[in-house]
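An overview of the molecular structure
One-letter residues, chain by chain:
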Amino acid sequence: MLRLIRAHQFSLRLHQYRAMGSDSLLQQLNNCISEDQVFQLVGKNKAKLSVKHVGCAMNVLWQFQKEKPRLLRTIDYIRNHPEFLALRILAENKIDFMDDEALVDLLYNTLRFNVEHHDSLVEQLVIEGWRRLARFDMTRLSKFSVCLTDQQMHCSPLMGKIADTVNRNLDALQDVRQRLTEMIDSCDDSFGFTKLFAALGPYAGPDVRERLEAGALLMADELGPHQVLVVAGTLEEMECRNQQLIQKVASLLHKYLDVYRPVELAKITQALMVLHCQNPELYTQLRKLLISYLQVNVIPCDVSILIRALAMLPLSRVNDTVISKVAAVLPQCNLSDLNALAISIVKWVRSDHLYQQSTSGVYGKLLQKLNHCAYQRIQKINDLDVLLEELKYVSGDWLEEILLKETMMTCQRLIDQVTWTNVPEFSSFLTRTNYLCTPLLDKIASVTLQHIQKIHPPAVYAILLLFTVLNYDPPQAEQLFEACIQHFRPHLNSFEPHLLVLLGYALAIGEYFPEDLIKTIFSVDFLAKLDAQLETLPAALNMRIRFRLMELNRAVCLEGPEFQIPWFHDRYCQQLQHRGNGCVSTLQQQIHQMLGEILGGISYAKISVLTPYYYALDFECILDKNKKPLLHVDQNILLADLAKVQWGQHSQLVERAGLPPCAQRVAVEFLDSKAFCKNSCHLKGEYAMKKRHLEILGYHVVQIPHFEWNSMELSTKDAWMEYLRRKIFEKDTQS
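- The name given to the chain in an unreviewed UniProt entry is FAST kinase domain-containing protein 1, mitochondrial isoform X2, with Microcaecilia unicolor as the source organism.
- UniProt, in the comment section headed Subcellular location (unreviewed entry), describes the chain in these words: "Mitochondrion".

**Section: the overall build of the chain**
- Helix and strand counts for the chain come out as 37 helices and 6 strands.
- The buried share of the chain, taken over its 735 residues, is 50%.
- Of the roughly 37500 Å² of accessible surface on the chain, a fraction of 52% belongs to carbon and sulfur atoms.

**So, helix H16 (residues 262-274)**
- Between the first and last C-alpha of H16 there are 19 Å, a value that for 13 residues agrees with the 18 Å anticipated at 1.5 Å per step.
- Turning to H16, its buried residues are Pro262, Glu264, Leu265, Ala266, Ile268, Thr269, Ala271 and Leu272.
- Those residues of H16 that are buried are in contact with helix H14 (225-237), helix H15 (243-256), helix H17 (280-296) and helix H18 (300-312).
- Just past H16, the residue His276 takes up positive phi, approximately 55°.

**Overview of the pattern of salt bridges**
- On inspection of all chains with the given rule, the structure shows 21 salt bridges.
- The partner of Arg132 in a salt bridge is Glu128, with the nearest N and O atoms 2.9 Å apart. Accessibility assignment for this pair places Arg132 and Glu128 in one class, buried.
- When the shortest N-O distance is used, the salt bridge between Lys519 and Glu515 registers 2.8 Å. Remark: Glu515 and Lys519 occur in helix H29 (residues 515-521); sequence separation between them is 4 residues, near one turn of the helix.
- Given the relative accessible area of 44%, Lys519 is considered partly exposed.
- It is possible to trace a salt-bridge network through shared partners that takes in Asp100, Glu128, Arg131, Arg132 and Arg135.

**Structural notes on the side chain of Asn339**
- Tracing the backbone shows Asn339 in helix H20 (residues 335-351).
- Apart from residues no more than four positions distant in its own chain, Asn339 is found in contact with Tyr393, Val394, Ser395 and Trp398.

**Overview of unusual backbone geometry**
- In this structure, Gln564 is a non-glycine residue whose phi angle is positive, near 55°.
- If you trace the backbone, Gln564 turns up in the loop between helix H31 (539-559) and helix H32 (570-579).
- Here Lys627, not a glycine, exhibits a phi torsion of approximately 65°, which is positive.
- As for its position among the elements, Lys627 is in the loop between strand E2 (616-623) and strand E3 (629-632).
- Given a relative accessible area of 37%, Lys627 falls into the partly exposed group.

**A short note on the packing of helix H7 (residues 100-112) against helix H8 (residues 120-131)**
- Interhelical geometry of H7 versus H8 gives an angle of 145° and a closest axis separation of 10 Å. Every pair of crossing elements has a handedness; the one defined by H7 and H8 is left-handed. Taken together, the residues of H8 that come into contact with H7 (itself represented by Leu103, Leu106, Leu107, Thr110 and Leu111) are Leu121, Val122, Leu125, Val126, Glu128 and Gly129.
- By residue class, the composition of the contact of H7 with H8 is 8 nonpolar, 2 polar and 1 charged.

**Thoughts on the packing of aromatic side chains**
- In total, this model carries 11 aromatic pairs according to the counting rule given.
- Ring centres of Phe481 and Tyr512 lie 4.4 Å apart, and the angle between their planes is 5°; on these two criteria the pair is classed as stacked. Of the two residues, Phe481 sits in helix H27 (residues 477-488) while Tyr512 sits in the loop between helix H28 (497-509) and H29, which places them 31 residues apart along the sequence.
- Residue Phe481 is classed as buried on the basis of its relative accessible area, which comes to 2%.
- Plain terms: the ring middles of Trp709 and Tyr723 are 6.1 Å apart, the flat faces sit at 65° to each other, and that makes the pair edge-to-face.

**Notes on the pairing of strand E1 (residues 606-610)**
- Strand direction decides the pairing type here: E1 and E2, joined by 4 bridges, are antiparallel. Across the sheet, residue Lys606 finds its bridge partner in E2, namely Glu620.
- Between the antiparallel neighbours E1 and E2 lie 5 residues, among them Tyr613 with a positive phi of about 65°.

**Side note on the environment of Pro280**
- With respect to the helices and strands, Pro280 occurs in helix H17.
- Along the sequence, Pro280 and Pro314 sit 34 residues apart, while their C-alpha atoms lie 9.0 Å from each other.

**With respect to the nonpolar core**
- Counting 135 residues, the largest nonpolar core has Trp348, Phe426 and Phe488 as the members making the most contacts within it.
- When residues in this core are grouped by element, the largest group, 10 residues, is from H28.
- Grouped together as the second largest cluster of nonpolar side chains are 44 residues, Leu25, Val42, Val51 and Val146 included.

**Considerations on the pairing of E2**
- Counting buried positions along E2 gives 7 out of 8 residues, so the element sits mostly inside the fold.
- Strand direction decides the pairing type here: E2 and strand E5 (residues 664-671), joined by 5 bridges, are antiparallel. Note on E5: the bridge partner recorded for Glu620 is Ala667.
- Relative to E3, E2 runs antiparallel, the two sharing 2 bridges. Along E3, the bridge assignment pairs Leu623 with Pro629.

Calculation notes
- For every chain, the first residue of the written sequence is number 1, and numbering continues from 1 onward in sequence order.
- In view of the model being predicted, local features appear only for residues whose pLDDT reaches at least 70, and side-chain atom pairs are presented and counted only at 80 or more, with totals across whole chains, interfaces and linings using the full set of residues.
- Hydrogens and water molecules were not included; the side-chain quantities draw on all heavy atoms of the structure.
- UniProt positions are given in the numbering used here, feature names are shortened, and annotations may be inferred rather than shown by experiment.
- Here a strand is any run of E in DSSP of at least two residues, a helix any run of H or I of at least four, and the numbering for each starts at the N terminus.
- Each residue is assigned to one of three classes by its accessible area relative to the maximum for its type, calculated with a 1.4 Å probe on protein chains only: buried under 20%, partly exposed between the two thresholds, exposed over 50%.
- Areas reported as accessible are Shrake-Rupley estimates using a 1.4 Å probe. Residue values count occlusion only from the protein chains shown.
- Every helix has an expected span of 1.5 Å times one less than the residues it contains.
- We call two residues in contact whenever any of their non-hydrogen atoms come within 4.5 Å of each other.
- One side-chain nitrogen of Lys or Arg within 4 Å of one carboxyl oxygen of Asp or Glu is enough to make a salt bridge.
- Here an axis means a line fitted to C-alpha atoms, over the contact stretch when the element is a helix, while the angle between two N-to-C directions is reported on a 0 to 180 degree scale.
- Crossing handedness is read from the near helix: turned anticlockwise from the far helix by less than a right angle, it gives a left-handed crossing, and turned clockwise, a right-handed one.
- Residues are grouped as follows: nonpolar covers Ala, Val, Leu, Ile, Met, Phe, Trp, Tyr, Cys and Pro; charged covers Asp, Glu, Lys and Arg; every other residue, Gly included, is treated as polar.
- In summary, the pairing rule links any two rings of Phe, Tyr or Trp, Trp by its six-membered ring, whose centres are within 6.5 Å, and it sorts them by plane angle into stacked for under 30 degrees, edge-to-face for over 60 and tilted for everything else.
- Note on pairing: two strands pair once DSSP finds at least 2 bridges between them.
- Nonpolar cores are built from buried Ala, Val, Leu, Ile, Met, Phe, Trp, Tyr and Cys residues. Side-chain atoms within 4.5 Å join them into one set.

Quick look at the structure:
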C-alpha cells in the first residue's frame, strides 16, 4: 500500500513537471485562428483552465480584434458570448494567483471589450492593482494608468499615487529617455499613450515637468512620426509654454507632415493652436494638405474633422471648393458633425471681413441648409440612445437657439425609451439644456424610483442635480430623493472626493442635508483627501470644486446649524472678491438712480453689497418699522471715524453691524435670463436657494425678473418707478 502511494505521488509530480514544461492547452490557445476557436477550447476545458490559460485566452481575443479595422470589430459579440462570461468568472476567482503582469494585462484587455466599469471583475482587478501599486515597475504602472483613465478615474487619489510614484522614479535626467521608452512600449497604440500622459501630465510638479521637457528635447531627433504626434498631444494637455520645445516639435511635425492621416492632421492643428506655436510655413503647408484631403474625402465625420481643423488656422478664409464639399456632405452628417460644421462656418463668417452679414450670402445659405439637415435628422431619429450619443458633445448657441425646441419634441416622442440604463446620461443632457419639460422629468423620476437598485450609485448625482438645478418637484419627490439617498448612502467611502462635494451641493440646493453625507464631507480626513485630489485636477475643475465646497459650507451653516459645522471660507471668499472686477453695469446704475428717487436720496440705496457669508447683492436698503428708509453708514468708515459722529435721539444713521428695533434690510436683486429655465419663467434652484438664505439672514428679498423689467408694460421711467415702489413697500404682493 505504501509503495502504491509513493508511486502515485511520483506520477503526480511527473505530471505537474510535464504540464509546466509543455502546456498543450496554452499552445492550442496561441495557435487559434479565430475567436470561435478560442471559445470552443474554453468551453471544453473550463475545469482545466489556470491563471495562465485565462490570461492567454483574453489576450488572444483582443489581438484578433486589434488586427481588424475599427468598423469590422466584433466587440459586442465577444463581450456577450457565454464563454467570455465564463472567462470573466474564472478570472475573478483566480485574481490572488496572478502575477503583476498578468493582473494588469487582464484589466487592460477586459476594458478593451467595453466591460462595464462597475463590473465585479474590473473592480476587483483595480482594488488588487491598488494593493500592489508600490511594487509595479514602470511598464505595469503605465498600463495600469491607462486602465484607470479608461474608467474616468484620471482625477482619483489612486492616479495621484501613481503620479507620485512616477515622480519619485524619475530621479535623474539620464533616466528620462529610458522611462519614456518604457511607457511607450507598454501601450498598444498612440491613443493609449496619449491618454497615459494626459492622465499623468497634470500631476507632475514643476521640477518633474522641467526634467521631462529637457528629456521629449534630448530624444527629439530620434522620434518617429508617431512619437512626435504623441508628444505634441502631451504638450497640449500639459499646456506647455516651453517655446524651445514647442518649436522643436513643430519642426519635426513639419518634417513628417506628409505622413499623417487626415484625423492626425486635425489633432496637430489643434495642438499647435493651443500651444500658440508661431510657424507660418507649417500652417501654410497644413492648410494645403487639409484642403487636398478634403477634396477627395466623402466620409462625413472625416469631412467634419477636416473643416474644423481648417477653421482653426489663422486667416481661415475658404474657397468655393471647400464650400461645395461642405454643402454636399451635410445630408449625411450626424448631429455632432453638424454642430462642428456650424461652429466652423461661424468662424469663417467672423474672419471674412468682406462678408456683409446677409442671409443671402454664401455662408448664410450654407447655414440654412445645415439647420434644415439638422431638423430632418432629429425628426427621423427613433432611438433615444442614438439621439443622446449624437448630442453628447453638442452644446452652445447652435443647440440652444436652433435645435433645442425640436430636440425636446423628439425626446417627448421617444419618452417610452427612457430606461434605467440611459437615465443618468439623459438627466445630464437635460441639465445642460436648462429646459423644463415636466413630462420628461416625471418620466425620469418614475423610472429612477422603479429601478433605483440597478443604477450605479455615483450616477445618482446626475439625476438629483437635474431636479434641484431646475427647481422642480416631480410627483413623489420626497420618495425619489429618499430612495436616491438610501441608495448611495452605503457607498460614501467609494465616491471620489470631488464628486461627493458636488453631490452634497446638489442636495443642498433642494434643501436636503443627509447627516452622514454632511459629516463625511466636513470631516478632517475627508477634507485632507479632497485637498490632495484638488492638487491633481485641471485648473477649471479645481476652481469649480472649491467654489461648490464654499457654497455647501454656507448652506450647511445657514440651514443646518444643528450639524455644528464651522464656516471656514472667509479667506477664500475675500480672495474671490479681490479677483472680481467690481464693474457696475449701465442697468445697475439706472436702477440705483431710481431707487434713490424712490427712497429719498442715493445714500438710502447701497449698490454692490456683500452680506454675511459673502452673498453679493445688487442693492440693499433698510426700512424702519414704519417702512421709512434709513441711511447707510459707509462700510469703509473706520471705528475712529464713527466715534466722531453725533448720534442724536432721532438719528437715522445705521451702522452695518446693527439695526434699530423692527427695522429690516431689503435685498433688491435683478435676475437675468440665467436665473430662469430656458423655456419658461420658472426660477432655477440656485437662485431659489439664495433667496432662501437671504431670508434666513433677515432680509426681505425683492427679485426683479428681466422679463418683467423689459416688458412692454414697463416701457417708461414712471412705470419702472411704480414697479420698484410696489416691490419694495408692499410685501404682501411678493411671490
